[in-house]
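Understanding the architecture of this molecule
Take a look at the letters that make up each chain.
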Amino acid sequence: MTISTLNQIELIIENSLTELTVIDDLETLENWRIKYLGRSGTLTQLLRSVSELPLEQRKIVGAAANSAKNELEGKLLQRREDIQSNDLKSNNSDSIDITLPGRRGPIGHFHPSTLVIREISSIFSQMGFQVVDGPEVEWDRYNFEMLNIPKDHPARDMFDTFWLDINREVDGAFTTLLRTHTSPMQARVMETTSPPIRVIIPGKCYRYEATDATHESQFHQIEGLAVDKGITFANLKHTLFEFARQMFGPETRVRFRCDYFPFVEPGVDMSIEWNGKWLEILGAGMVHPNVLRAVGYDPSIYSGFAFGMGPERIAMLKYGINDIRHFLQSDIRFLRQF
Ligand code: FA5
């Protein structure tokens, strides 16, 4: 019995492998699988009958039948892969034409804030300004004090601040905050560099304020700073005129009005004419002598100008976006448009 069953197994292996070598399509291969390895397949039937054998024979025949099964399954997989890869290679195959160009997967693109920040940075870079980065978690000292806004100065109310509950003073006073503007970088850059300075600083800012169509609690600013001997208000005006023309078109009209920021004197805001309306896009002015003194510069030798603008507000003008809250809502229908 054992010998004849072992012979039977040999025969099944021999016949099935001979048949397998000439199979070159998946349908015939499936029929082959059913014939030998399917539920009523020859080898499966034989494996089932092993349980009826006496124990000694069962061991020998069982091992041989299992190894045959593994061998046939291995060959089946191999053959399937061969047929599939031949199908791919064959130009006659009607399933896949590998000469067709591939389908493009969806690729990411830039956020509108990033697009505008890059455009603004590139304009100022061409004018010789260097792009600098700065911390979003800032000391009171840089965000306010070195900018001529001491403790209890009423101008602190201009900036609704997110204070951080770390590094508090002995009397409990806060010292650390999320920067409310990029202006602290004016002090940081001047403190660590000597004039001439021409930098712009793009970055995130935070204000603890109610949001509406033009106010977010997280937004970007781009700060600009130029310090040297003999810098005048005319340099400020020319630089910002030139920026507006490059950003919004050569015919763009620009308007300066007096404004107050404690760290500049005189201070202005600049508006551009857009669709028949004047729209304010930035605050600016000549660096206040107290700010120059705070970083160790002599205001009788050096002067400078500074400006700060909001790229989201500029993006709203350029792209016709009616609500600043779209920027951070991560709505793919909005983001896909840029
Ligand atoms: C400032 O933050 C000054 N640091 C700007 C400055 C720099 C003046 C250097 C002088 C010299 P202001 O608060 O106006 O100023 O903000 C400047 C710009 O940031 C605004 O024109 C606006 O475009 C943007 N901005 C301010 N608050 C928000 C907000 N809540 N949401 C979105 N954008 C804002």
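Data block above holds the structure.
In what follows, the accompanying structure is described. These numbers come from a predicted model, not from an experiment.

In this section: the nonpolar core. Grouped together as the largest cluster of nonpolar side chains are 36 residues, with contacts concentrated most on I120, F124, F243, I281, F307, M309 and I314. When residues of this core are traced back to their parent elements, those giving at least two are α5 (112-126), β6 (218-228), α8 (233-248), β8 (264-274), β9 (277-287), β10 (303-309), α10 (311-319) and α11 (332-335). The element best represented in this core is α8, accounting for six residues. Of all hydrophobic cores here, the second largest spans 26 residues; its members include F159, M185, F261 and A306.

Turning our attention to the site of the ligand. For the ligand, the set of nearby residues contains 24 residues, the closest of which are H181, S183, R207, E209 and E216. Side-chain polar atom of E209 to a nitrogen atom of the ligand: 2.4 Å apart, as the coordinates give it. Interatomic distance of 3.0 Å between a side-chain N/O atom of Q221 and an oxygen atom of the ligand. Considering the ligand on its own, with 670 Å² of exposed area, one finds that the protein chains cover 94% of that surface. For the shell around the ligand, the secondary-structure elements that each account for two or more residues are β6, β9 and β10.

On to the sheet that holds strand β2 (residues 137-139), then. The sheet built from three strands is open, its strands ordered β2-β4-β3 with antiparallel pairing. Because the sheet does not close on itself, it has two edges, and the strands there are β2 and β3 (163-164). In terms of strand pairing, β2 meets strand β4 (residues 176-178) through three bridges, oriented antiparallel. Each residue of the ladder has a partner; that of V137, found in β4, is L178.

What follows deals with the pattern of salt bridges. Going through the model one piece at a time under the given rule, you end up with 15 salt bridges. For R325, the salt bridge identified is with D323, shortest N-O distance 2.9 Å. In this structure R325 comes out as partly exposed when scored by relative accessible area, which is 29%. A residue is classified by how much of its surface remains accessible, and D323, at 16% relative accessible area, is buried. A salt bridge links D331 to R333; the nearest nitrogen and oxygen atoms lie 2.7 Å apart. On the basis of relative accessibility, which here comes to 27%, the residue D331 falls in the partly exposed class.

Another point: the pairing of strand β5 (residues 197-206). For β5, the tally of buried residues reaches eight of 10 residues, placing the bulk of the element in the interior. Where strand β1 (residues 130-131) and β5 come together, two bridges link them in parallel fashion. Pairing of Q130 across the sheet is with V199, part of β5.

About the criteria used
- Residues numbered from 1 in each chain as written.
- Predicted model: local features only at pLDDT ≥ 70, side-chain atom pairs only at ≥ 80, totals over all residues.
- Heavy atoms only, no water.
- Core = buried A, V, L, I, M, F, W, Y, C linked by side-chain atoms within 4.5 Å.
- Buried < 20%, exposed > 50% of the residue type's maximum accessible area, 1.4 Å probe, protein only.
- Helix = DSSP H or I, 4+ residues; strand = E, 2+ residues; numbered from the N terminus.
- Near = heavy atom within 4 Å.
- Polar contact = N/O pair within 3.5 Å; in protein donor to acceptor, adjacent residues only side chain to side chain.
- Areas by Shrake-Rupley, 256 points an atom, 1.4 Å probe, with all protein chains shown as cover.
- Pairing = 2+ DSSP bridges.
- Salt bridge = Lys/Arg side-chain N within 4 Å of Asp/Glu carboxyl O.

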